[in-house]
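Inside the fold
The residues making up each chain are set out below.
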Amino acid sequence: MRVADDGDALARRAFEAGMAAGLDPQEESVQSGRTAVTHASSPWNHRLCTTCGQTFRRGDTVRVGDAGTTGSGTAADDVAHLAPALACAGAPHEAPEGARADAADSAGFAAGLLATWPPVDGVPVTALTADDWQVARPAIHGARPPRCLYCAHTFRAGEHVVLCPCSPNRPACGAAVHRDPAAGLACWENWRPEGRLTICPVKLVAVPE
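This structure is a prediction, so every number in the text was calculated from the model and none was measured.

**Comments concerning the sheet that holds strand β6 (residues 176-178)**
Reading across the sheet, the three strands line up as β4-β5-β6 and stay open at both edges, with antiparallel pairing between neighbours. Either end of the sheet is taken by a strand with one partner, and the two such strands are β4 (126-127) and β6. Bridging between strand β5 (residues 160-163) and β6 involves three bridges; their strand directions are antiparallel. Its bridge partner being in β6, Leu-163 is matched across the sheet by Ala-176.

Next up, the structure:
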């Protein structure tokens, strides 16, 4: 009976792997020096870009370095961002026409979505700027940039977040969670669907109501 159970478990894992591959298609390999789109199964997904210090996310366009391929042994420094806002592997040959208008439209859409779908209990939402310390900087050896408490990705300028509501009588911990549904980052609702945080996840002290 145990052999049959083991066989069922193997079959189930194979089925689940096939489903994941079908929902998240990814090339078996990408040649060195070529571009690729980051998928959940990409070996570099969630790793830090050694140029900008940001994590690689699903949908990020990247350049695979000349030193290796995208196999499981690919080093983090063999991949660099090619996303418009994070052109770590080199600026695009020419800026897309209407890029500024697209950025303004995106900002307007994010603001409209926030107004239409505010967080539960009026939780404050903050738009990060390039000057905020939570935004990742070029990677420093051994340093770990701040990450979202839910998705574990770094923060990028312009993203909306919920900051930990630590007591104003104590130094704020600055921990943050994405709350940017316009960017597909509804981390706050997934992490705290009731819309409340009672214990600071960093200091482990009670958050005043």
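**Looking at the pairing of strand β2 (residues 61-64)**
Of the two faces of β2, only the one carrying Val-62 and Val-64 is buried; Thr-61 and Arg-63 on the other face are not. Pairing between strand β1 (residues 35-37) and β2: three bridges, direction antiparallel. Its bridge partner being in β2, Val-37 is matched across the sheet by Thr-61. Summarising the sheet, β2 and strand β3 (residues 79-81) pair through three bridges and their orientation is antiparallel.

**A closer look at unusual backbone geometry**
Leaving glycine aside, a negative phi is the common case for residues, and trans is the common case for peptide bonds. Positive phi values are uncommon outside glycine, yet His-46 reaches one of about 80°. Inspection of the secondary structure puts His-46 in the loop between β1 and β2. Among the residues examined, His-46 registers a relative accessible area of 33% and is labelled partly exposed. The backbone phi angle of Leu-204 is positive, close to 60°, even though this residue is not glycine. Within the secondary structure layout, Leu-204 lies in the segment after α3 (187-191). With a relative accessible area of 65%, Leu-204 lands in the exposed category.

**Some remarks on the packing of aromatic side chains**
Scanning all chains against the criterion turns up one aromatic pair. Measuring from ring centre to ring centre gives 6.1 Å for Trp-188 and Trp-191, while their planes differ by 65°; the resulting arrangement is edge-to-face. Linking Trp-188 with Trp-191, this pair stays in helix α3, spanning three residues, or about one helical turn. In this structure, Trp-188 and Trp-191 share a single accessibility class: buried. The ring of Trp-191 has Arg-192 sitting right over it, with the charged end atom 4.3 Å from the ring centre.

The rules behind each value
Residues numbered from 1 in each chain as written. Predicted model: local features only at pLDDT ≥ 70, side-chain atom pairs only at ≥ 80, totals over all residues. Heavy atoms only, no water. Pairing = 2+ DSSP bridges. Helix = DSSP H or I, 4+ residues; strand = E, 2+ residues; numbered from the N terminus. Buried < 20%, exposed > 50% of the residue type's maximum accessible area, 1.4 Å probe, protein only. Phe/Tyr/Trp six-rings, centres within 6.5 Å; stacked < 30°, edge-to-face > 60°. Lys NZ or Arg CZ within 6 Å of the ring centre and 35° of its normal.

Nothing here speaks to function; it is all geometry.
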